[in-house]
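One-letter residues, chain by chain:
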Amino acid sequence: MAETSVNSQITDAVALTSVAVVGQAPAQAMAVLYQMVAATVAASMQNATSAQQAGQQIGTAIVSAACARILSSGPGALPAPAPPTAELTPRQS
């Protein structure tokens, strides 16, 4: 079997690259974690905004339907206002 030699500069470069990769791995993992957390928070904020908008649309539709019902019922359908119970007297100065 033939013996081959590898240049020492190549072995040093491979060793330094391996050390750099192992050294940067925790920072890379934390960066990915922070990105995932930021994306999750952004998605939940978008969901909350969407739910709030949908609730507002439902509220507007309910008020519109109630107003249409009141207007279509006619003047005789509503009860007459109650008479005042006590008359207002002017202040004595």
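Residues numbered from 1 in each chain as written. Predicted model: local features only at pLDDT ≥ 70, side-chain atom pairs only at ≥ 80, totals over all residues. Heavy atoms only, no water.

1. Concerning the overall build of the protein
- When its secondary structure is counted, the protein shows one helix and zero strands.
- Buried residues in the protein amount to 0% of all 93 residues.
- Carbon and sulfur atoms make up 65% of the accessible area of the protein, which totals about 8800 Å². (Helix = DSSP H or I, 4+ residues; strand = E, 2+ residues; numbered from the N terminus. Buried < 20%, exposed > 50% of the residue type's maximum accessible area, 1.4 Å probe, protein only. Areas by Shrake-Rupley, 256 points an atom, 1.4 Å probe, with all protein chains shown as cover.)

2. A word on helix 1 (residues 8–72)
- A rise of 1.5 Å per residue sets the reference length of helix 1, with its 65 residues, at 96 Å; its end C-alpha atoms lie 94 Å apart and thus fit the reference within 8%.
- At alanine 25, helix 1 shows its maximal kink, close to 40°; a proline, proline 26, follows between one and four residues later.
- Capping of helix 1 at its N-terminal end is provided by asparagine 7; its side-chain oxygen lies 3.2 Å from the backbone amide nitrogen of glutamine 9.
- Of the residues flanking the end of helix 1, it is glycine 74, one or two places downstream, whose phi is positive at about 90°. (Expected span 1.5 Å × (residues − 1). Bend = angle between axes of the 7 residues up to and from the residue. Polar contact = N/O pair within 3.5 Å; in protein donor to acceptor, adjacent residues only side chain to side chain.)

3. Looking at a nonpolar patch on the surface
- Taken together, the side chains of Met30, Leu33, Tyr34, Val37, Val41 and Met45 define a hydrophobic patch exposed on the protein surface, amounting to about 590 Å² of accessible area.
- Summarising the element assignment, tyrosine 34 is placed in helix 1. (Patch = residues over 30% accessible without salt bridge, like charges linked within 9 Å, V, L, I, M, F, W, Y side chains within 5 Å. Salt bridge = Lys/Arg side-chain N within 4 Å of Asp/Glu carboxyl O.)

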